[in-house]
Amino acid sequence: MAHHETLPGCLLITGTPGAGKTTVSRLVAERLPRAAQVDGDVFGLMLMSGRANMLDEHGRWNPGPEGQRQLRLRMVNLCSVADNFAAAGFTPVADSVVETREELDFIAGRLHARPLMLVVLCPPLEVARHRNATRAVETRVDYDVTPLARNQRRELGGLGWWLDSGDQTPEETADLIVAEAARRAVVHRAPPSPR
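Caption draft 1: Representation of the pairing of strand β1 (residues 10–15). Along β1, 6 of the 6 residues are buried, which leaves the element largely enclosed by surrounding structure. Across the two faces of β1 the burial is the same, with C10, L12 and T14 and L11, I13 and G15 all buried. Pairing analysis gives 6 bridges linking β1 to strand β4 (residues 116–121), with the strands arranged parallel. Bridge pairing in β4 links C10 to L116. Bridging between β1 and strand β3 (residues 91–95) involves 3 bridges; their strand directions are parallel. Note on β3: the bridge partner recorded for L12 is A94.

Now the structure itself:
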């Protein structure tokens, strides 16, 4: 594992389930001299009771009002933890599903670490489906990710760095992100206005 120069600000890695967000964010953080992985899923798992069902009665992703509120809470916590690491001199490498421009704007408005870099892992859907189907049961999703991928492309297309990692190993993807993110993935340079 090679250690590279640090990345300033915060790196946010998104994509559909099975795209490789958690694996790649861990590998990126390991390659930087001072970095922390901030896994967005962890904040949902912290809810020991009262967690909203994010799927509707047909098994489709449809969080409903309470689910949306809890997803927003995950984003608030992700931003707070990422900022805490950044303030302590660690590059936060965050991974979370960001589906819409509104969600990205919310994160950018709360997060103070700058620049904010966005990498959208977008392997072909059949690759993401295969990766999802072969990973541990507790991390597998059981809904069709096609609508999510379509919506991400419509909402976030043209923002950040869209990286097709379908033919790469996670290690190759991480090396490429460390080498290129500061140049290709910046979506916000200036800090947000005071809240």
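Now that the structure has been shown, we can carry on.
Caption draft 2: Main features of the packing of helix α3 (residues 64–87) against helix α4 (residues 101–110). Interaxial distance between α3 and α4 falls to 9 Å at its minimum, and their mutual angle equals 35°. Of the two elements, α3 crosses α4, and the hand of that crossing is right-handed. In this structure, α3 uses R72, M75, V76, C79 and D83 to contact α4, whose residues at the interface are E102, E103, F106, I107 and R110. Counted by class, the contact of α3 with α4 contains 5 nonpolar, no polar and 5 charged residues.

Caption draft 3: Molecular detail of the pattern of salt bridges. Scanning the model with the defined rule gives 7 salt bridges in all. With its nearest N and O atoms 3.5 Å apart, the salt bridge here joins R72 to E102. A residue pair is termed long-range when its members are at least 10 positions apart, and R72 in helix α3 and E102 in helix α4 qualify at 30 residues. Between R129 and D144 there is a salt bridge, with the nearest N and O atoms lying 3.8 Å from each other. With R129 in helix α5 (residues 125–134) and D144 in the loop between α5 and α6 (146–156), the pair connects residues that are 15 residues apart, well separated along the chain.

Caption draft 4: A look at the nonpolar core. Counting 24 residues, the largest nonpolar core has L12, L104, L111 and L116 as the members making the most contacts within it. Elements supplying a minimum of two residues to this core: β1, α3, α4 and β4. Counting residues per element, this core draws most heavily on α3, which supplies 5 residues. The residues touching L104, leaving out its near neighbours within four places in the chain, are L12, V98, L116, L118, L156 and L159. I13, V24, W161 and A185 belong to the second largest nonpolar core, which has 20 residues in total.

Caption draft 5: Main features of the packing of aromatic side chains. Using the criterion set out here, one finds 1 aromatic pair in the structure. One Lys or Arg, R34, reaches over the ring of F90 and ends 4.0 Å from the middle of that ring. Sitting above the plane of the F106 ring, R72 keeps its charged end 4.0 Å from the centroid.

Caption draft 6: Expanded view of unusual backbone geometry. The omega torsion of the bond from R114 to P115 falls at 0°, within 30 degrees of zero and hence cis. Within the secondary structure, P115 sits in the loop between α4 and β4.

Caption draft 7: The arrangement of the environment of L156 in detail. With respect to the helices and strands, the residue L156 is situated in helix α6. Look at L156 and you get buried, because its relative accessible area is 0%. Once the C-alpha coordinates of L156 and K21 are considered, the two residues, 135 residues apart in sequence, prove to be 16 Å apart. In contact with L156, not counting residues within four places along its chain, are V98, E99, T100, R101, L104, N151 and W162.

Caption draft 8: Representation of the state of the cysteines in the model. Taken as a whole and judged by the stated rule, the model has 0 disulfides. In this structure C10 is not part of a disulfide, and its nearest cysteine sulfur, from C79, lies 7.6 Å away. Residue classification places C10 among the buried residues on the basis of a relative accessible area of 2%.

Parameters and conventions
Residues numbered from 1 in each chain as written. Predicted model: local features only at pLDDT ≥ 70, side-chain atom pairs only at ≥ 80, totals over all residues. Heavy atoms only, no water. Buried < 20%, exposed > 50% of the residue type's maximum accessible area, 1.4 Å probe, protein only. Helix = DSSP H or I, 4+ residues; strand = E, 2+ residues; numbered from the N terminus. Pairing = 2+ DSSP bridges. Axes fitted to C-alpha atoms, helices over the stretch in contact; angles between N-to-C directions. Left-handed = near helix turned anticlockwise from the far one by under 90°. Contact = heavy atoms within 4.5 Å. Nonpolar A, V, L, I, M, F, W, Y, C, P; charged D, E, K, R; others polar. Salt bridge = Lys/Arg side-chain N within 4 Å of Asp/Glu carboxyl O. Core = buried A, V, L, I, M, F, W, Y, C linked by side-chain atoms within 4.5 Å. Phe/Tyr/Trp six-rings, centres within 6.5 Å; stacked < 30°, edge-to-face > 60°. Lys NZ or Arg CZ within 6 Å of the ring centre and 35° of its normal. Disulfide = S-S within 2.5 Å.

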